[in-house]
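# Observations on chain architecture
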Amino acid sequence: MLSTTIRVSKKTKDLLTKVMIRLESELGRRLSYDDVIRILIERSKSRRPELLLMLKEMGVSEEVVRKAHRLLEGERGFEEKTFERRYGSRYKHSY
């Protein structure tokens, strides 16, 4: 695995550490900062990731949470296609 170094402020590292502790508790395993960043990015892709977290906290099965995630992802994809049709190339370069 090719690795690289990125610089973050002490405050950002402290925030990542807090998130890491929460995620390790949630997932029941040790994580690296790379894992934490990847998880945050993946969760940010879904609409309203807090809803998925609420499902997990409520004890909903992992299978149902995955199905909910796929539904939200489908909705996100639909919205992206709608924006791209509506705004064309301006949309592609706006993010």
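Structural notes, computed from the coordinates. Since we're looking at a predicted model, the values are computed, not measured.

## What about the nonpolar core?
Inside soluble globular proteins, nonpolar side chains tend to come together where they are buried. In terms of nonpolar packing, the biggest core is built from seven residues, these being Leu16, Val19, Met20, Leu23, Leu31, Val36 and Ile39. Contributing elements (two or more residues each) for this core: helix 1 (10-27) and helix 2 (33-45). At four residues, helix 1 tops the list of elements feeding residues into this core.

## Some thoughts on the environment of valine 36
Mapped onto the elements of the fold, valine 36 is located in helix 2. On the basis of relative accessibility, which here comes to 0%, the residue valine 36 falls in the buried class. Discounting residues that sit within four places of it in the chain, valine 36 has contacts with Leu16, Val19, Met20, Leu23 and Leu31.

## Re helix 1
The terminal C-alpha atoms of helix 1, which comprises 18 residues, lie 25 Å apart, in line with the 26 Å expected from a rise of 1.5 Å per residue. All of the buried residues along helix 1 are Leu16, Val19, Met20, Leu23 and Glu24. For helix 1, the angular spread of the buried residues around the axis is 140°, confining them to a single face. Facing away from the buried side of helix 1, by more than 90 degrees, are the exposed residues Lys10, Lys11, Lys18, Ile21 and Ser25. Of the residues trailing helix 1, glycine 28 is marked for its positive phi of about 70°.

The rules behind each value
- Residues numbered from 1 in each chain as written.
- Predicted model: local features only at pLDDT ≥ 70, side-chain atom pairs only at ≥ 80, totals over all residues.
- Heavy atoms only, no water.
- Core = buried A, V, L, I, M, F, W, Y, C linked by side-chain atoms within 4.5 Å.
- Buried < 20%, exposed > 50% of the residue type's maximum accessible area, 1.4 Å probe, protein only.
- Helix = DSSP H or I, 4+ residues; strand = E, 2+ residues; numbered from the N terminus.
- Contact = heavy atoms within 4.5 Å.
- Expected span 1.5 Å × (residues − 1).
- Arc of directions from axis to C-beta.

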